[in-house]
Amino acid sequence: MRDFLLSDEDRAFRSEVRDFLARELVPRAPAIEIEEDWEAVRAAVRALGESGYLTLMFPDLYRGDLSKPGLTHAALLSEEAASVNYAFETTIATALSCAFPLYREAVPALRERYLAPIVEGREIGAICVTEPEAGSDTSAMSTRIEYDAERDEWSINGFKRYISNASVADVYIVYGISDPDVPAQRGMSAVAVPAGTPGLGFPRPYHLIGRRGCKVGEVEFRDCRVPGDHLLGERDKGFRIMLGMFNFERVILGGAGLGVARSAFELARRHAQRRVAYGRKLGSKQLIWDKIVEMSWRIDAAELLTYRAAKLFDAGTLTAKDLVKPASMAKLVATHTANVCADQTVQILGGDGLAKEFGRAEQIYRDARALTIVGGTSEMMRYLIASADLPELKPDL
Ligand SMILES: Cc1cc2nc3c(=O)[nH]c(=O)nc-3n(C[C@H](O)[C@H](O)[C@H](O)COP(=O)(O)OP(=O)(O)OC[C@H]3O[C@@H](n4cnc5c(N)ncnc54)[C@H](O)[C@@H]3O)c2cc1C
């Protein structure tokens, strides 16, 4: 049943990616998790870029062997990377989230300057949406992006938080209000802000429960100025750009959830096959095999929803609006599955599930927790699904 939606070519790609990660990520994963070694992350990102994996979403930049590269392959990459180290996977997801609007919306010079280095793994990007008073409700953001016609510059003022790659990124894709007199949906713009721009600051790094090794923190903009051509797309059309990014980001997060779930499941399965209690293997006890069964069907369900959404996206036949429901379902189910599997695995491993000395179960448990919050919370995914299923009722928030 597994891989039901994947073609032979997709499966061959998965195994190629697995080999690549075994070479480039597996040896670096302990340094990323234990020493929070950012250089190890960067080296693995460089290897990813050199291998061409960061161009999977951009057909005219892709130079590999796949006949039709796309989100299916980006989700496979995400799944495989997250099964080794979820912190590292987040740098792939963020790179693609930065590259996507640059690819679709930037003028050629901007595209050349910022997109090429990101997809080649030479530079790192960050996406700045979330603010202290604007989390799920992105329309409440107060960061201002104002045009100075005399100098042909955009001036950015505001404060963002929970920004992945804050302080280490080479370019920041920033969303803010450019017309405060209309709702944010019609008055938001997006600009690219390079590192080193005067007025760009990083007040605090955050110390999270999991995802060790990747950077998350605050980003401040104080009359931060960028040239006029650093606008992405059209002025006041940033909300649409942001929504366009969410569909594919949620499928990638489905892949990440799946990878985390699968890595937990494998630990649980191996332990249940090996550990003896009361004279018999743990896995032969109903209270244990029932947990294995639950993980197994949840992983299959998450896999089907994730690759269904990816295939629908790649087919290009649905509108962005119609993709919202399958993408939200993939994110909702796969990230919940990751948490269920991480939790059940700790339970099956007993004390060994809590101690770093006995493997990765405790790390997976901590890492999984962010998945139902980042990229749109589970509550928001439910709201989006309800909005598609009950349009006449207009479910509110
Ligand atoms: C590790 C990590 C990395 C991140 N990286 C980035 C990044 O790179 N860039 C970026 O811009 N942001 C990033 N974020 C921010 C992330 O997108 C937000 O945390 C998320 O959107 C939720 O916003 P919030 O934390 O402000 O929570 P809130 O929006 O304040 O929500 C708090 C709780 O209330 C619930 N809730 C909110 N509104 C409703 C409602 N109407 N009805 C019912 N329940 C509701 C939510 O579902 C949640 O459970 C990151 C967050 C984390 C934890």
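As shown above, the structure is provided for reference.
Residues numbered from 1 in each chain as written. Predicted model: local features only at pLDDT ≥ 70, side-chain atom pairs only at ≥ 80, totals over all residues. Heavy atoms only, no water.

**Description of the side chain of His 230**
With respect to the secondary-structure elements, His 230 resides in the loop between strand S7 (216-227) and strand S8 (231-232). Overall, the relative accessible area of 8% leaves His 230 in the buried class. Within the local environment of His 230, its side chain forms a polar contact with the side chain of Asp 229, the two groups lying 2.8 Å apart. (Helix = DSSP H or I, 4+ residues; strand = E, 2+ residues; numbered from the N terminus. Buried < 20%, exposed > 50% of the residue type's maximum accessible area, 1.4 Å probe, protein only. Polar contact = N/O pair within 3.5 Å; in protein donor to acceptor, adjacent residues only side chain to side chain.)

**Overview of the site of the ligand**
Around the ligand, the surrounding shell holds 18 residues, and the nearest of these are Ile 127, Thr 130, Ser 136, Tyr 162 and Thr 377. A distance of 2.8 Å separates a nitrogen atom of the ligand from a polar backbone atom of Ile 127. If the ligand stood free it would expose 970 Å²; the protein chains cover 66% of that surface. Of all the secondary-structure elements, those providing two or more residues to the shell around the ligand are strand S1 (125-128), strand S3 (153-164) and helix H12 (378-389). When residues of the shell around the ligand are assigned to their parent elements, the largest contribution, three residues, is made by S3. Here the shell around the ligand is built from residues that sort into 10 nonpolar, six polar and two charged. Looking at the shell around the ligand, you find at least three residues from each of domain 2 (125-235) and domain 3 (239-393). (Near = heavy atom within 4 Å. Areas by Shrake-Rupley, 256 points an atom, 1.4 Å probe, with all protein chains shown as cover. Nonpolar A, V, L, I, M, F, W, Y, C, P; charged D, E, K, R; others polar. Domains from an automatic or database assignment.)

**Topic: the nonpolar core**
Ranked by size, the top nonpolar core spans 126 residues in total, and within it Phe 88, Tyr 175 and Val 193 carry the most contacts. What Phe 88 contacts, discounting residues up to four positions off in sequence, is Leu 25, Ile 32, Val 41, Ala 44, Val 45, Leu 48 and Ala 81. (Core = buried A, V, L, I, M, F, W, Y, C linked by side-chain atoms within 4.5 Å. Contact = heavy atoms within 4.5 Å.)

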